[in-house]
Amino acid sequence: MKPASPIAAVLLAACAATAHAALQEDFRCLSSSGPRPISLEFRQVVDTNVEWSGGYVLYKGSKKAIPIVVASSRTTDRPEGRPWAFEDRWVEVFDGRINGVYTVRRQGANITDFTYTSAKDGRVFSFSQDIAHTGTQSCNW
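These numbers were taken from a predicted model, which means no experiment stands behind them.

Before going further, it helps to spend a moment on the overall build of the protein. In terms of helices and strands, the protein carries one helix and eight strands. When the elements of the protein are put in sequence order from the N terminus, they spell out α-β-β-β-β-β-β-β-β. Taking all 141 residues of the protein together, the buried fraction comes to 29%. Relative to all contacts within the protein whose residues are 6 or more apart in sequence, the contacts with residues 24 or more apart total 34%.

Now for the pairing of strand E1 (residues 23-31). Where E1 lies against strand E2 (residues 39-47), nine bridges are found, and the strand directions are antiparallel. The partner of Arg28 across the bridge, within E2, is Phe42.

In this section: the pattern of salt bridges. Any two side chains of opposite charge can pair, on the condition that their charged atoms come close. Scanning the entire structure with this criterion turns up nine salt bridges. Put simply, Asp26 and Arg28 hold a salt bridge, and the shortest N to O gap is 3.1 Å. Its relative accessible area of 15% is what places Arg28 among the buried residues. Across the pair Arg123 and Asp121 runs a salt bridge, and its minimum N-O distance is 3.1 Å. By relative accessible area, which is 44% here, Asp121 ends up partly exposed. Residues participating in the shared-partner salt-bridge network are Arg74, Glu87, Arg105 and Asp113.

In this structure the tally under the stated criterion is six aromatic pairs. Aromatic side chains Phe42 and Phe114 sit 5.3 Å apart centroid to centroid with 70 degrees between the ring planes, which places their arrangement in the edge-to-face category. Of this pair, Phe42 sits in strand E2 while Phe114 sits in strand E7 (residues 110-118), and the two are 72 residues apart along the sequence. Of the two residues, Phe42 and Phe114, neither departs from the other in class, the shared state being buried. Between Tyr102 and Tyr116 the ring centres are 4.7 Å apart and the planes differ by 45 degrees, which places this aromatic pair in the tilted class. Pair noted here: Tyr102 is in strand E6 (residues 97-107) and Tyr116 is in strand E7, with a separation of 14 residues, a long-range link. Its relative accessible area of 0% is what places Tyr102 among the buried residues.

Definitions and cut-offs
- For every chain, the first residue of the written sequence is number 1, and numbering continues from 1 along that sequence.
- In keeping with the predicted nature of the model, local features appear solely for residues at pLDDT of at least 70, side-chain atom pairs appear and are counted solely at 80 or more, and the whole-chain, interface and lining totals rest on all residues.
- To get the side-chain values, all heavy atoms of the structure are used, and hydrogens and water are removed first.
- Strands are runs of DSSP state E lasting at least 2 residues, helices are runs of H or I lasting at least 4, and numbering of each runs from the N terminus.
- With a 1.4 Å probe rolled over the protein chains alone, any residue whose accessible area is under 20% of its type maximum counts as buried; one over 50% counts as exposed, and the rest are partly exposed.
- What makes two residues a contact is simply this: any of their non-hydrogen atoms within 4.5 Å.
- At least two DSSP bridges between two strands are required for those strands to pair.
- In what follows, salt bridge is the name for a side-chain nitrogen of Lys or Arg lying within 4 Å of a carboxyl oxygen of Asp or Glu.
- Working definition: rings of Phe, Tyr and Trp (its six-membered ring) pair if their centres are within 6.5 Å, and the pair is stacked with planes under 30 degrees apart, edge-to-face with planes over 60 apart, and tilted otherwise.

The following block contains the structure:
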């Protein structure tokens, strides 16, 4: 195979940078309270070029991420002079079936409420942001 010319290499790098610029990634570290606390990393990726978002949840101690997809998103409050508030529902897909739903309420950069509802038994788990374990690229468990 013939090596790419310097111009082709520059064009490829520019295209890759432009495509990558549309991707926005955010992660949050969250923990539940109670006698048996649960910790997880909630990561979402948004491609603004095609209006797509997806993500995954990685539980502390697990090496396998669980894919999540947005089921719904709605604006819950539009206060004047402040960031709008939103509620997103993310469906957890594990081994080809829906295992539960994550409900994320947020205003600006803050998550104000985060719950997981199990599809199996309807149990609800509440989480709070765990800033103490937030690293630069992932959660530091």
